[in-house]
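Examination of the molecular architecture
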Amino acid sequence: MSQRLLQSVALITGASRGIGREIAQAYAKEGATLCLVARNPAALHEVVAELALPAERVMTVALDVTDRAACFAAVQATQARFGHIDILVNNAGIYQAKPFLDYTAQDFQTLLDVNVMGVIHFTQACLPGMQARKQGRVINMASTAGKWGSRNQSAYNISKHAVVGLTRCVALEASPYGVTVNAICPGFVQTDMLEELKAQVALSSGASADEFVKAALARVPLGRMLTTQEIAGMAVYLGSAESSGMTGQSIHIDGGMVF
Ligand code: NAI
């Protein structure tokens with residue numbers, strides 16, 4: 001165990017399952033103290049039980065990232081309990097597939113409220129403390145969908161493009177304080193979201209879920225879906241001292257897909 005995050009306090013959103021849960025596990029192994037955030041308190045407690053950390057190294061906050069006041073209160077509670085926050089992992093996100101003309105205005109708003117405004121709320125809540133200490137890492141979970149166009153998921157893609165843009169802009173403003181802001185752009189990662197995505201894409205495109213998987217994998221040179229561990233490794237790197245010279249980047253982990 002390398003303990004690359006020893007004495008770091010990390011707040012991870014969307015930590016109840018999938019990529020966020022894997023990041024929580026990886027961070028715990030690397031020695032971090034954690035505040036785990038998601039909507040479902042029971043699911044968060046399951047993760048805490050799995051981590052088997054001493055009580056003084058973990059807390060949970062159940063909230064919806066669209067609730068700005070709750071996001072600020074969670075950051076305050078974490079700072080009150082652990083003193084400060086070194087690493088913010090903005091991982092919570094939702095997906096929805098529909099042809100552009102079928103999306104309602106509310107569909108767009110919902111995707112943007114969670115995937116973009118959630119990131120904004122937590123980043124605005126954490127940055128003042130990080131900048132005051134001249135130390136901090138913000139890691140945003142974007143997507144390859146934030147780098148290129150995709151059919152039948154325009155609302156998701158624009159939300160992830162916004163996360164990539166936000167990463168670039170906040171990195172510039174935070175850099176005088178030594179705070180870095182980077183994003184991870186995963187391709188296809190085997191999680192519950194991917195299972196939901198297969199079903200939704202099938203419905204919106206008329207292709208079966210198997211046909212979608214076959215077509216998707218044909219675009220991935222490594223020829224397989226990625227694991228959550230493959231994403232968590234990059235989140236550890238971006239949270240650790242090893243990445244101190246890197247900011248404003250949005251890094252693909254996508255099995256070699258190039259557009
Ligand atoms: P998932 O659906 O398995 O987990 C999402 C997590 O976010 C859950 O903990 C959920 O409770 C939380 N969450 C969702 N909406 C929330 C809200 N309004 N308030 C608080 N928490 C909320 O998803 P997965 O696959 O683990 O994805 C994590 C992130 O990675 C997302 O931002 C997603 O867009 C991104 N991503 C996933 C890819 C994949 O293939 N699975 C590919 C590219 C990006």
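The structure contained in this document is the topic of the report that follows. Note that the coordinates shown come from a computational prediction; the quantities given were computed from them, not determined experimentally. (Residues numbered from 1 in each chain as written. Predicted model: local features only at pLDDT ≥ 70, side-chain atom pairs only at ≥ 80, totals over all residues. Heavy atoms only, no water.)

Considerations on the overall build of the protein
The helix and strand tally for the protein stands at eight helices and seven strands. In terms of overall size, the protein behaves like a compact globule, its C-alpha atoms giving a radius of gyration of 18 Å where 259 residues would be expected to give roughly 18 Å. In terms of overall dimensions, the protein has C-alpha extents of about 50 × 35 × 35 Å along its principal axes. Considering the protein as a whole, with its 259 residues, one finds that 54% of them fall into the buried category. Look at the contacts in the protein between residues 6 or more apart in sequence, and 73% of them connect residues 24 or more apart. Summed over all atoms, the accessible surface of the protein reaches about 11500 Å², with 56% contributed by carbon and sulfur. Seen as two clouds, the 20 positive and the 20 negative side-chain charges of the protein have centres 5 Å apart. (Helix = DSSP H or I, 4+ residues; strand = E, 2+ residues; numbered from the N terminus. Rg over C-alpha atoms; globule rule 2.2 N^0.38 Å. Buried < 20%, exposed > 50% of the residue type's maximum accessible area, 1.4 Å probe, protein only. Contact = heavy atoms within 4.5 Å. Areas by Shrake-Rupley, 256 points an atom, 1.4 Å probe, with all protein chains shown as cover. Lys, Arg positive; Asp, Glu negative; His and termini not counted. Charge placed at Lys NZ, Arg CZ, Asp CG, Glu CD.)

Some thoughts on the state of the cysteines
This model, assessed by the stated rule, comprises zero disulfides. The thiol of C35 is unpaired, and the distance to the nearest cysteine sulfur, on C126, comes to 9.1 Å. Sulfur of C71: no disulfide; nearest cysteine sulfur belongs to C126 and is 9.5 Å away. On the basis of relative accessible area, C71 is assigned to the buried category, the value being 0%. (Disulfide = S-S within 2.5 Å.)

As for the packing of helix α3 (residues 68–82) against helix α4 (residues 105–133)
Between two packed helices, what matters for the description is the angle formed by their axes and the separation of those axes. Interhelical geometry of α3 versus α4 gives an angle of 35 degrees and a closest axis separation of 8 Å. Every pair of crossing elements has a handedness; the one defined by α3 and α4 is right-handed. Judged by residue contacts, R68, C71, F72, A74, V75 and Q79 of α3 engage H121, F122, Q124, A125, C126 and G129 from α4. Residue classes in the contact of α3 with α4 are distributed as seven nonpolar, four polar and one charged. (Axes fitted to C-alpha atoms, helices over the stretch in contact; angles between N-to-C directions. Left-handed = near helix turned anticlockwise from the far one by under 90°. Nonpolar A, V, L, I, M, F, W, Y, C, P; charged D, E, K, R; others polar.)

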